[in-house]
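# Breakdown of the fold
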Amino acid sequence: MAWSSRGPEAFHLVSKGDEVEIVASDPRGLVIGIYDLLDRLGARWPLPGEQFEVLPTRPRIGVWVDVWGEPRFRMREFFGTGGAGSGTPLDKRGDFSRAWTDYMRRNRWGGPDHIRGHTGEAFADAHRAALEAHPDWRAELKGQRVPWSRSLKLCASSTGALEAFQRDRADSLGRQLLVDPTTFAISVEPADGGGHCDCARCRALGGVSDRVFTMANQVARHINATHPGRWVSLLAYNEHAEVPSISLEPNVFVMVVPYGFNRTGLDPDELIAAWKSKVRRLGVYDYWAIPDWAHDVPSIAVGPMLERLDSWAARGIEAFLIESSFSGAATGPALWQASRRFLSAGRPSVDDLHEWVTLVFGTCSQEIEPLFKEWGEVYIPSSAGLGRAYSALGQALDGCGRSSVERSRLLWLARYVEYLRLRFEVDALAKAAPDRAERTRELARWLLAIAPDLSVASYRLVQLLLKSEGADAPLAKELDLARLSRSSLPGISEQESIDRVRTGQRRYAAVDLPKASFRGRWVHPPASGQATRERSATARVMLLGGMTDLNVRAQTSTSISIALGAYASAPLRVLVYDEAGRLQIERRIEGPGASAELELRADHTYRIKVVDPKNSFRLRVPVGVAVGLTQFVSPAPTDALYFWVPPGTRRVVMDVPSLVPSRVLDSNGAVVLDNVRGLVDVPVPESQSGKVWCVSGYKSWAPIRAISVPQAFALGRDDLLVPEEALKVAKSPIRRGSR
Ligand SMILES: [Zn+2]
């Protein structure tokens, strides 16, 4: 195949006698080819930093090879929110960001196309005088032109504003091309946040997407004239995530943001599909555990994320940008596994997590692998989870880790687990706890001390911690982030790291997490043996929100109703599927108080999916309709949420991330656990298994997660539906599914 039909990253590796030739038509292809050859020779960079480099010693570096290669996406990027902390007093020389940049290049992150983010803020700064002199350039909100601000939006129907904007963008592209002649696009993304112009002329253009993309089109036409072959890029995001009704210029590059801030009423896959049919080339912007939300505790469900990546490739998405965290320990394993998927075809199929753990921890990997496996599936901050981590580290330090390299890597992990412990203990404290300030101070100082490990985004996490404590807190003054220096950071000796593992082992017991999964048809559990049988004469109503998924089964033909909350700002979509997974009903519910009645036939099981962009809605379930909610959150404390404890279950384990304290009640209505905010782990007496239990008071935008019992909840005790497998006595419920 000719070079011209391949991208700039294509390369050809071919053995010639004792040598290997790396042939490429572009320097970028040469770099990818070099790292491809090094990969074949066993070189690996599983984490940033020289201490993690794996360079095998080989007598000869010859390999027999004759392959063409090219990475899977034209844009493969991630970045950590808040940066790597370089340029800050903590890393004046930029060592941290250099380590991350090296790591990315060696693992093939990057690609020939690069898109920049929001640009409206810079435009507002650069053109402040003109914007102040021309009120009509600025967005009008409720009849008033907004004053100048960095987050200002332009009036999409102001000729003056559009001319200034297109000139600014063309000039900026010209400057970028001088620095990097391969620059592919110039960003026209407005400033972050809402506040788009709603003057009469803009409203006539259509919805917010129509206005934003009208401006993008205008700049695109101008760029096509000044810089033929170049593109304008912008996000399909937040208020302008929706596919516009106008057609787009061929040189408009769109990065859709489907997994966050999506208020279009379409679920992520549907939004991607809608955009894919609109534009020739499409990218995706995603969030993987950014520090501001996840605080660098392990929180990436790795399997589903990698499936996402594969699904993008399968749909012909050629670019992606992941907003994540520069955290070797929290996001590192997922990012590394993602990067293994960029490799060209023909790579042997391997367990990438196993390889990563083996590369990092060598002969200690057997002890450590279950830990990262658990963290990549479900991590719930808990004393039992800390116990498992300390126990794994303790065993590894006892049994292996004799080589100094392995030992230092185990202690790297030990310092991260110590961070998890400090974070867990501070989070468990009440806001007014007397020792809160002291414990927060300890956490902040630990974060700074482990900064050179690159295991967490230290600087960002400390910033967030100080923000949450308030600007006037003594801690902010004491740490004085702006004047901090690396030499002032406390060092951590090897002995201290080891001592902390031993202390952790003594303090926290390693308790197994009894994970179980249940499949089969949705059925009613037997009601026999229940202490009380309640039958409400009226329908049950529940306030729900977010993406909601439930299974329902009606005894007689009836209907259930879904009503939008009073302050709903975006439409709600309801999809009803039959037992074979065929779509039966699709409804769009829009406007305050709007509702839909969904007809159900007798003795049929349906799956109902509510796509709710963080509004809230009321679900009304008549008597005689059984429900198994599998995904839901609740914006208000729930009265009672019933769940099934399968026969033979010895412990009820679930994650209840409620914002207000909840309670767990057994089948007799007796409180078995009070003040629940997080992991629930309670023993089940023989007489209480094979019964319906209940959680009361749950309120959160984070979903409740069942671990040892079925992920199925109902509003009424007699209304519960569960997967058929959950009715059988588990042979060994403690062990089922674990490890
Ligand atoms: Zn306007």
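As a convention, each chain's residues are numbered from 1 in the sequence order in which they are written. In keeping with the predicted nature of the model, local features appear solely for residues at pLDDT of at least 70, side-chain atom pairs appear and are counted solely at 80 or more, and the whole-chain, interface and lining totals rest on all residues. Side-chain calculation: all heavy atoms of the structure are included, whereas hydrogens and water are not.

As a further point, take the coordination of the zinc ion. Here the zinc ion is held by Cys155 (SG), Cys197 (SG), Cys199 (SG) and Cys202 (SG), and the distances to it run 2.2 to 2.3 Å. Each of the four donor atoms around the zinc ion contributes to a set of angles spanning 107 to 112 degrees, which defines the coordination as tetrahedral. Metal coordination here is assigned from N, O and S atoms located within 2.8 Å of the ion, or within 3.2 Å for Na, K and Ca; omission of water means that sites may look incomplete. When the donors of the zinc ion are listed by position in the chain, the intervening gaps give C-x41-C-x1-C-x2-C. With Cys155 in the loop between strand E6 (144–145) and helix H5 (159–179) and Cys202 in helix H6 (residues 200–205), this pair connects stretches of sequence that are 47 residues apart. Metal sites are grouped by the angles between bound donors: all angles between 85 and 135 degrees with four donors is tetrahedral, opposite donors over 155 degrees apart with the others between 65 and 115 is square planar for four donors and octahedral for six, and any other pattern is irregular. Secondary structure elements follow DSSP: runs of H or I no shorter than four residues count as helices, runs of E no shorter than two count as strands, and numbering proceeds from the N terminus.

It is worth spelling out the sheet that holds strand E8 (residues 231–236) at this point. For sheets, the rule is that strands pair by backbone hydrogen bonds, running either parallel or antiparallel. DSSP bridges decide pairing: two strands pair if at least two such bridges lie between them. Read from one edge of the open sheet, six strands run E4-E11-E10-E9-E8-E7, paired in parallel fashion. Each edge of the sheet is formed by a strand with only one pairing partner; in this case those strands are strand E4 (75–80) and strand E7 (185–187). Strand-to-strand twist in this sheet, taken as the mean axis angle between neighbours without regard to direction, amounts to 25 degrees. Contacts between helix H7 (residues 208–226) and the sheet are confined to E7, E8 and strand E9 (252–256), with E8 contributing the most and set at about 165 degrees to the helix. This element, helix H10 (residues 302–314), spans strand E10 (282–287) and strand E11 (319–324) of the sheet and lies at about 170 degrees to E10. Every axis in this analysis is a line fitted to C-alpha atoms, fitted for helices over the stretch in contact. Angles between the N-to-C directions lie between 0 and 180 degrees. A contact between two residues is defined here by any heavy atoms of the two lying within 4.5 Å.

Attention now moves to the sheet that holds strand E23 (residues 662–665). Strand order in the open sheet formed by four strands is E21-E26-E23-E24, and the pairing between neighbours is antiparallel. Whereas interior strands pair on both sides, the edge strands pair on one side only; in this sheet they are strand E21 (641–645) and strand E24 (671–676). Each adjacent strand pair in this sheet contributes to an overall mean axis angle of 20 degrees, direction not counted.

What follows concerns empty space enclosed by the protein. The definitions used throughout rest on a 1 Å grid laid over the protein atoms alone, on which a cavity is an enclosed set of points accommodating a 1.4 Å probe that cannot get out and a pocket is an open set flanked by protein within 12 Å on both sides along at least five of seven lines; lining residues are those having an atom within 4 Å of a point. Grid points are joined across faces, edges and corners, and a volume is the space filled by probe spheres set on the points. In the structure shown here, the tally under the stated rule is eight cavities of 30 Å³ or more. Along the wall of the largest cavity there are 13 residues; nearest its centre are Gly120, Leu154, Phe165, Pro190 and Met215. Elements supplying a minimum of two residues to the lining of the largest cavity: helix H3 (120–126) and H7. Among the elements that take part in the lining of the largest cavity, H7 stands out by supplying three residues, more than any other. In this classification, the charged set is Asp, Glu, Lys and Arg, the nonpolar set is Ala, Val, Leu, Ile, Met, Phe, Trp, Tyr, Cys and Pro, and all remaining amino acids, among them Gly, are polar. Residue composition of the lining of the largest cavity, grouped by class: ten nonpolar, one polar and two charged.

Take the domain arrangement of the chain next. Domain delimitation follows an automatic or database domain assignment. Along its sequence, the chain is carved into domain 1 (1–70), domain 2 (120–240), domain 3 (352–507) and domain 4 (522–727). Taking only C-alpha atoms into account, the centre of domain 2 sits 46 Å from that of domain 4.

In this structure, Trp275, Phe361, Trp375, Leu413 and Tyr419 are the most contacted members of the largest nonpolar core, which totals 132 residues. Looking at which element gives the most residues to this core, the answer is helix H15 (residues 404–428), with eleven residues. Looking at which domains feed residues into this core, each of domain 2 (120–240) and domain 3 (352–507) gives three or more. Not counting residues up to four positions away in its chain, the partners in contact with Leu413 are Phe361, Ile368, Leu371, Phe372, Trp375 and Leu393. Counting residues in hydrophobic clusters, the runner-up holds 63 residues, among them Cys694, Ala712, Phe713 and Ala714. The term nonpolar core refers to a set of buried residues drawn from Ala, Val, Leu, Ile, Met, Phe, Trp, Tyr and Cys, joined through side-chain atoms within 4.5 Å. Any residue under 20% of the maximum accessible area for its type is buried, any over 50% is exposed, and the rest in between are partly exposed; the area is computed with a 1.4 Å probe on protein chains only.

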